[in-house]
Amino acid sequence: MTTVRYRIFGLMLLVALVNYIDRGALSFAATAIAQHYSLTRVELGALLSYFGIGYLLGSLCGGFLADRYGTRRVWLIAGISWSCLEALTAWAGELGITVFGGSALLGFAVLRILFGFSEGPAYALMNKTVAYWAPDHERGTALSVGLLSTQIGAMLTAPIAVGLLLLTGRWQSMFIVLGGCSLLVMILFARFFRDTPQQHPEVNVAERRYIADHQQSQCESRTKLPWWRFFTSRTLVCNALGYFSFLYITFTLVTWMPKYLQDTFHYDLHALWYVAMIPWSGAAITVLCGGRITDFLLTRFHRLRIARNAFAATSLACAAVCFIAIPFVDSAAAVIALMTLGNAFNALVNNIYWSVVIDVTPKSSVGTFSGITLAIANSSAILSPVLCGWLAQYYGYNTMFLVTGAFAIVSMCAMAVIQPEKRLHDDETISGTTVVSTQ
């Protein structure tokens, strides 16, 4: 039996990793950009949030487009687009000054919204890839491999972005180099990626049969469910709310942690490149462990409520405690340790949000429902930078972390009430042919 699916999972990780590094680089250039264009913290928060507007729209459209036109085609178009827009970010301020009445901020708004739109489909496409390529008992692990891009990407963004800033001496050059590297990755993706095992020339009959025999949804109708069925499922709605809170924490760290460390503990770029990596180090491990743990719990107890609800709620409660404790410690070491631990607990359940969508959704609609989930959740990409900037400006950074802990509690409550064993199906599916998830 061939093992091409593992190469697909690795390629999925690489593309998502590049996606995350490209989006996070702006945070490390934020101080230089703010000084260059005389931006306040509130204005800088707005600049960081523009990405979220496009990301929300792109994630929603990406899922629909993937179900209709195929994962590979949509991912290629999106990847080439975000690569070009990343490079063009170097001239965003000048674009605003020249074209939009002297407003550099408006220039960044236009390019970052377009950039966010092109990056938006990535994780919905990843979930659809896993739905077709992963046997059920490998799903959590496969999702964890792809979702590792969030933590590894955030961790590598610091040395890569700071290294390019120090090497070139210009923040504009950083965006140009990153955009060029992304285009090279998309060429590699085009060469080796296919939508399904049946379409890949290197997958033999044994691997195709193995994947098909270990997917419970093989007997389902191929009819796509209407988009509004998403909102009839308590599980999908609560899962999206939980994922919203999870991403709020992630975007808080991605967008404001470098600026917070510079303002509070006076780290310069020479120290920031490695200090900013630390809060992501634990998460890079736990995101992989989370997939293995949830697969083990499902195999051991045969109950989705244990593998999804109980596991997620426990981890998120621990994350909330860590972030709420940050305002009550004084040293940089203690703050960074709590950030690291809280982020690690948060990342532990990252795969569950995506697993739940596959748990309850027919494969023909996974792209659409993943896109809706991501669109709801990614509104946090707009809220987090703006709210954090406003809190930091008027109430201080400590309040920012208290609010972050509160969102972890919201995610915990949402994941405690999901019903992952209740699978959606086409109303016209013949009774007795619909396979119900293991309870």
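Residues numbered from 1 in each chain as written. Predicted model: local features only at pLDDT ≥ 70, side-chain atom pairs only at ≥ 80, totals over all residues. Heavy atoms only, no water.

Colleague: Help me understand the nonpolar core, please; the structure alone is not making it clear to me.
Modeller: The tendency in soluble globular proteins is for nonpolar side chains to be buried as a group. Core analysis: the biggest nonpolar cluster contains 128 residues, and Ile33, Trp75, Tyr123 and Met174 have the highest contact counts within it. With 19 residues, the top contributor of residues to this core is helix H1 (residues 4–37). Residues within four places of Ile33 in sequence aside, it is in contact with Leu26, Leu39, Leu47, Phe108 and Trp171. Judged by nonpolar contacts, the second largest core, of nine residues, contains Phe230, Val360, Ile372 and Leu424. (Core = buried A, V, L, I, M, F, W, Y, C linked by side-chain atoms within 4.5 Å. Buried < 20%, exposed > 50% of the residue type's maximum accessible area, 1.4 Å probe, protein only. Helix = DSSP H or I, 4+ residues; strand = E, 2+ residues; numbered from the N terminus. Contact = heavy atoms within 4.5 Å.)

Colleague: Is there a simple way to explain the side chain of Ser365 in this structure?
Modeller: Here Ser365 shows up in the loop between helix H15 (350–360) and helix H16 (366–377). A distance of 2.8 Å separates the side chain of Ser365 from the backbone nitrogen of Leu225, its partner in a polar contact. In contact with Ser365, not counting residues within four places along its chain, are Asp67, Lys224 and Leu225. (Polar contact = N/O pair within 3.5 Å; in protein donor to acceptor, adjacent residues only side chain to side chain.)

Colleague: Quick question: what am I supposed to make of the pattern of salt bridges here?
Modeller: Opposite charge on two side chains lets them pair, provided their charged atoms get close. Scanning the model with the defined rule gives eleven salt bridges in all. The partner of Glu421 in a salt bridge is Arg305, and the shortest N-O contact between them spans 2.8 Å. Of this pair, Glu421 sits in the segment after helix H18 (397–416) while Arg305 sits in helix H13 (residues 304–325); the two residues are 116 residues apart in sequence, bridging distant segments of the chain. Several salt bridges converge on common partners, so that one network encompasses Asp136, Arg139, Arg308 and Asp359. (Salt bridge = Lys/Arg side-chain N within 4 Å of Asp/Glu carboxyl O.)

Colleague: Please explain the packing of aromatic side chains as it appears in this structure.
Modeller: By convention here, two paired aromatic rings are described through the distance between centres and the angle between planes. Following the criterion strictly, the structure yields 26 aromatic pairs and no others. On the numbers, 5.8 Å between centres and 80 degrees between planes, the contact of Trp75 with Phe193 is edge-to-face. Here Trp75 is found in helix H3 (residues 71–88), whereas its partner Phe193 is found in the loop between helix H8 (171–192) and helix H9 (205–213), with 118 residues between them in sequence. Phe193 shares its class with Trp75; the two are buried. Ring centres of Phe108 and Trp171 lie 6.3 Å apart, and the angle between their planes is 35 degrees; on these two criteria the pair is classed as tilted. One end of the pair, Phe108, is in helix H5 (residues 104–119); the other, Trp171, is in helix H8, with 63 residues separating them in the sequence. The pair Phe108 / Trp171 is uniform in exposure class, with both members buried. Here a set of aromatic residues connected by ring pairs shows up, and it is made of Tyr260, Phe265, Tyr267, Tyr397 and Phe401. Directly above the aromatic system of Phe192 lies the positively charged group of Arg191, at a separation of 4.7 Å from the ring centroid. (Phe/Tyr/Trp six-rings, centres within 6.5 Å; stacked < 30°, edge-to-face > 60°. Lys NZ or Arg CZ within 6 Å of the ring centre and 35° of its normal.)

Colleague: What exactly am I supposed to notice about the packing of H1 against helix H10 (residues 234–265) here?
Modeller: Each packed pair of helices is defined by two parameters, the angle between the axes and the distance between the axes. Two numbers describe how H1 lies on H10: the axes approach to 8 Å, and their chain directions differ by 25 degrees. Considering the angle they form, H1 stands roughly parallel to H10. Helix-helix and strand crossings are classified by hand; for H1 and H10 the assignment is right-handed. Across the interface between the two elements, Tyr20, Arg23, Gly24, Ser27, Phe28 and Thr31 from H1 touch Thr250, Phe251, Val254, Thr255, Pro258, Lys259 and Gln262 from H10. Of the residues belonging to the contact of H1 with H10, the class tally is five nonpolar, six polar and two charged. (Axes fitted to C-alpha atoms, helices over the stretch in contact; angles between N-to-C directions. Parallel < 35°, antiparallel > 145°, perpendicular 65-115°, else oblique. Left-handed = near helix turned anticlockwise from the far one by under 90°. Nonpolar A, V, L, I, M, F, W, Y, C, P; charged D, E, K, R; others polar.)

Colleague: Looking at this structure, how should I read helix H14 (residues 332–348)?
Modeller: Every α-helix carries 3.6 residues per turn, so stepping three or four residues along brings you back to the same face. The end-to-end C-alpha separation of H14 is 24 Å, in line with the 24 Å expected for 17 residues at 1.5 Å each. A large share of H14 lies buried, amounting to twelve of its 17 residues. Buried within H14 we find Ala332, Val335, Ile336, Leu338, Met339, Thr340, Gly342, Asn343, Ala344, Asn346, Ala347 and Leu348. (Expected span 1.5 Å × (residues − 1).)

Colleague: I tried to follow the confidence of the model for the protein on my own but got confused; where do I start?
Modeller: Regions with low pLDDT carry predicted coordinates that are not meant to be interpreted in detail. Here the protein averages 88 in pLDDT, while 95% of its residues score no lower than 70. Averaged over each element, pLDDT in the protein is lowest for helix H11 (residues 269–275) (81) and highest for H18 (96). Every residue in residues 428–439 is under pLDDT 50, and counting partners more than four places away or in other chains gives 23 contacts. (pLDDT = per-residue confidence, 0-100.)

Colleague: Hey, could you run me through a nonpolar patch on the surface in this one?
Modeller: A cluster of nonpolar residues, Phe64, Trp227, Trp228, Phe231, Val237 and Ile376, forms a patch on the protein surface that exposes about 590 Å² of accessible area. Classification of Phe231 by relative accessible area gives partly exposed; the value is 47%. (Patch = residues over 30% accessible without salt bridge, like charges linked within 9 Å, V, L, I, M, F, W, Y side chains within 5 Å. Areas by Shrake-Rupley, 256 points an atom, 1.4 Å probe, with all protein chains shown as cover.)

Colleague: Just checking my understanding: could you explain the side chain of Asn309 for this structure?
Modeller: If you trace the backbone, Asn309 turns up in helix H13. In contact with Asn309, other than residues within four places in its own chain, are Leu304, Met415, Ala416, Val417, Ile418 and Pro420.

Colleague: What exactly am I supposed to notice about the state of the cysteines here?
Modeller: Put plainly, two cysteines are in a disulfide when a covalent bond ties their sulfur atoms together. Enumeration over the complete set of coordinates arrives at zero disulfides. A disulfide-free cysteine, Cys318 has its sulfur positioned 7.1 Å from the sulfur of Cys322, the nearest such atom. (Disulfide = S-S within 2.5 Å.)

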